[in-house]
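Results of the structural survey
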Amino acid sequence: MILRTGFAFLGWFALSATAAPLDALLTANSPSGAGDNWFEISYDAVNSTLDVFRIRESDPIYGGTTVGDYTGLHLRGGVGLFDNLWVEGGLWQRKIAYRDDHESLRSAQVSMQYRFFGTRDSRSSYALRASSWVNSTSTLNKTTPTSLQGFTLDSIDVIEPSDHQLQLDLLGSWKPTRQTEISAFIGKGSSRVKVKDLTAIMTVAGCRYALAFEPNLVSGTLASSCSDPYTLESFSVTTNSNVVDRLSYTASYAQFGGMIEWHNAVWQVRGGYQYQKLHRDKVDDQIIALGGTPYTKNHIFVADVSRKIASKAAVFLRGQYMSNQFVGEIPFVYNSFTASRFDRRYGLVSFGVRFGF
C-alpha cells in the first residue's frame, strides 16, 4: 500500500505537459500547399488567465491552484521534397510548475507524407503518412513531503522516463468549394514506455534513508548521519512485484478523425476532431486488479485561426481540448499508479507565427 500510494505523485504531471502531434488537423495536402516549405514558432501556455472555457477552474481538486501551469515554446516545419512528397518535424520544450517543483519536458516529432492520388488543385486527394514522436525528461521529482501510513517520503525521483510512438495514417481531403476543404483520417500505431530507475528519500524516526527499487525488493540505506544510536545502517523489504517494470509497458492504438478548413486571401480557420482508442500490455489489468478504472479513450478537439501579415507570414491562435488529459499523447505519464488522474479534462492555448519560404 505504501508503494502504491507513494507513486500517485506522478499523476500531477499528467495535468501539466503536452506534446500533441496535432493529428486532429491532418490533411492530405501540405499545410501551406503541396510542395511548399514552411515553419512555425509558438508560445504555449496554460494558466488561470488563459482558462477561458473554465476547464481547469472546474477541476474538483486543482481548480484555483497553480497545478498544471506551464510555459514553453515549440517549433514545427515542413519541407516539400516533391509536389506529392514532403517531410515535417517539430520540437517542444516546456517549463512545468507544480507548487514548489518545476519540471522540464522535451518532445520531438517527425513524419513523411506521400500523396498518391490528386494534386494541390484537385477536388479530392488521398495520402499515406508515417510518423514518429517521443517524449522524455531526465528526471521527474517531487520534493515536498508525502506522509504515508506513518512514514514520510521526503522526495521521489523517476529517472529518465520516456516514450516512443510509431504511427501510420490514411488521409483523404475534399474541396467542396475553392475556399473550403474537408479532411478525414484513420490510423494505427504502437507505443513503448520506458523508465530507467526510481529512487526516493524516506524519513524513519528522524533519520533519512535513500530507497532503491529492485525486482521484488525495496532497500534503504542511511542517507546522512543520524544521532539515534539504534539507527539501522540499511534495511530491505520484499515485495511481490518490480515497481520499475510497472512504470514501463507497450501499447497499441487506433484512431480516426477529421477537419474542416476555410480560408480567403487573408484569413484561415480550421477545426478538427481526433478519437483515439488504446490497448496497453498488462498495465490496464494491473489497474483493474488494484480496484481502479483504466482510461483507454480520448476525444481531442483542436481549432486555430490565422491571419496573414505578409505574403509569406501569418500569425495564429490555437486551442486544444482533451476529454481525458493526455491519454495516448504523452504515454509515459500513464501507468497503474497514475491512471486515476486521467478522468479529467484539459485545455491548452498556443500563440505563434508561421512563415513560408
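Scroll up a little and you will see the structure.
What you see is a predicted model; the values in this text were computed from it and never measured. Counting from 1, residues in each chain are numbered in the order their sequence is written. Predicted model: local features are reported for residues with pLDDT of at least 70 only, side-chain atom pairs are reported and counted for 80 or more only, and whole-chain, interface and lining totals are derived from all residues. With hydrogens and water set aside, each side-chain value is computed from the structure's full complement of heavy atoms.

1. Thoughts on a nonpolar patch on the surface
Put simply, the rule reads: Any residue with relative accessible area above 30% and no salt bridge may belong to a patch, with like charges joined within 9 Å and the nonpolar Val, Leu, Ile, Met, Phe, Trp and Tyr side chains within 5 Å. A 1.4 Å probe and the Shrake-Rupley method give the accessible areas. Residues count as covered only by the protein chains that appear here. For this analysis, a salt bridge means a side-chain nitrogen from Lys or Arg found within 4 Å of a carboxyl oxygen belonging to Asp or Glu. Runs of H or I in DSSP of at least four residues are treated as helices and runs of E of at least two as strands, each being numbered from the N terminus.
A surface patch of nonpolar side chains, about 820 Å² in accessible area, is lined by F39, I41, L75, V79, L81, F82, M112, F355 and F357. The set of elements that each furnish at least two residues to the nonpolar patch consists of β1 (38–46) and β2 (70–82). Here the element with the most residues in the nonpolar patch is β2; it accounts for 4 residues. Here F357 shows up in the segment after β19 (346–356).

2. Quick look at the side chain of R129
The criterion, for reference: Here a polar contact is recorded for every N or O atom pair within 3.5 Å, except that within protein the pair must consist of a potential hydrogen donor and a potential acceptor, and residues adjacent in sequence are included only if both atoms are side-chain atoms.
Structurally, the position occupied by R129 is in strand β5 (residues 124–136). Side chain to side chain, R129 and Q113 meet in a polar contact 2.9 Å long.

3. What about the pattern of salt bridges?
Condition: Each residue's exposure class comes from its accessible area (1.4 Å probe, protein chains only) as a fraction of the maximum for that residue type: buried when under 20%, exposed when over 50%, partly exposed otherwise.
Tallied over the entire structure, the rule returns 11 salt bridges. The salt bridge involving R76 is made with E40; its shortest N-O contact spans 3.1 Å. Pair noted here: R76 is in strand β2 and E40 is in strand β1, with a separation of 36 residues, a long-range link. Residues R76 and E40 agree in their burial class; the two are buried. Measuring nitrogen to oxygen at the nearest pair gives 3.7 Å for the salt bridge that ties R120 to D83.

4. What to know about the pairing of strand β10 (residues 180–194)
The condition that has to hold: The rule for pairing is simple: two strands pair if DSSP sees at least two bridges between them.
By the bridge criterion, 14 bridges tie strand β9 (residues 162–177) to β10 in an arrangement that is antiparallel. By the bridge assignment, L171 is partnered in β10 with F185. Between β9 and β10, which pair antiparallel and follow one another directly, the connecting turn spans 2 residues. Sheet topology note: the β10/strand β15 (residues 249–263) ladder contains 14 bridges and is antiparallel. Looking at the pairing, A184 lines up with G258 of β15.

5. Here we look at the state of the cysteines
Put simply, the rule reads: Any two cysteine sulfur atoms within 2.5 Å of one another count as a disulfide.
Applying the stated criterion across every chain yields a total of 1 disulfide. There is a disulfide in this structure between C207 and C226, and the S-S distance comes to 1.8 Å. Torsion about the S-S bond of the C207 and C226 cystine: about -50 degrees, corresponding to left-handed handedness. Pair noted here: C207 is in strand β12 (residues 207–214) and C226 is in the loop between β13 (217–222) and β14 (234–238), with a separation of 19 residues, a long-range link.

6. Some points on the packing of aromatic side chains
In plain terms, the rule: Any two of the Phe, Tyr and Trp rings considered here, Trp counted by its six-membered ring, make a pair once their centres fall within 6.5 Å; the pair's planes then place it as stacked at under 30 degrees, edge-to-face at over 60, or tilted in between. Either the NZ atom of lysine or the CZ atom of arginine qualifies as a charge over a ring when it sits within 6 Å of the ring centre and within 35 degrees of the ring normal.
In the structure shown here, the tally under the stated rule is 8 aromatic pairs. Their ring planes at 80 degrees and their centres at 5.9 Å tell us that Y126 and W174 sit as a pair that is edge-to-face. With Y126 in strand β5 and W174 in strand β9, this residue pair connects regions lying 48 residues apart in the sequence. Residue W174 is classed as partly exposed on the basis of its relative accessible area of 32%. Ring centres of Y273 and F301 lie 5.0 Å apart, and the angle between their planes is 45 degrees; on these two criteria the pair is classed as tilted. One end of the pair, Y273, is in strand β16 (residues 267–280); the other, F301, is in strand β17 (residues 297–310), with 28 residues separating them in the sequence. Residue Y273 is classed as partly exposed on the basis of its relative accessible area, which comes to 24%. A network of ring pairs unites the aromatic residues F39, F355 and F357 as a single cluster. In this arrangement the basic side chain of R354 is found over the ring face of F316, its NZ or CZ atom lying 5.9 Å from the centre.

7. Brief notes about the pairing of strand β11 (residues 197–204)
In this structure, β11 lies alongside β12, joined through 6 bridges in antiparallel fashion. Paired with T199 across the strands is A212, a residue of β12. Hairpin remark: β11 followed by β12, antiparallel, with 2 residues in the connecting loop; positive phi at A205, about 55 degrees.

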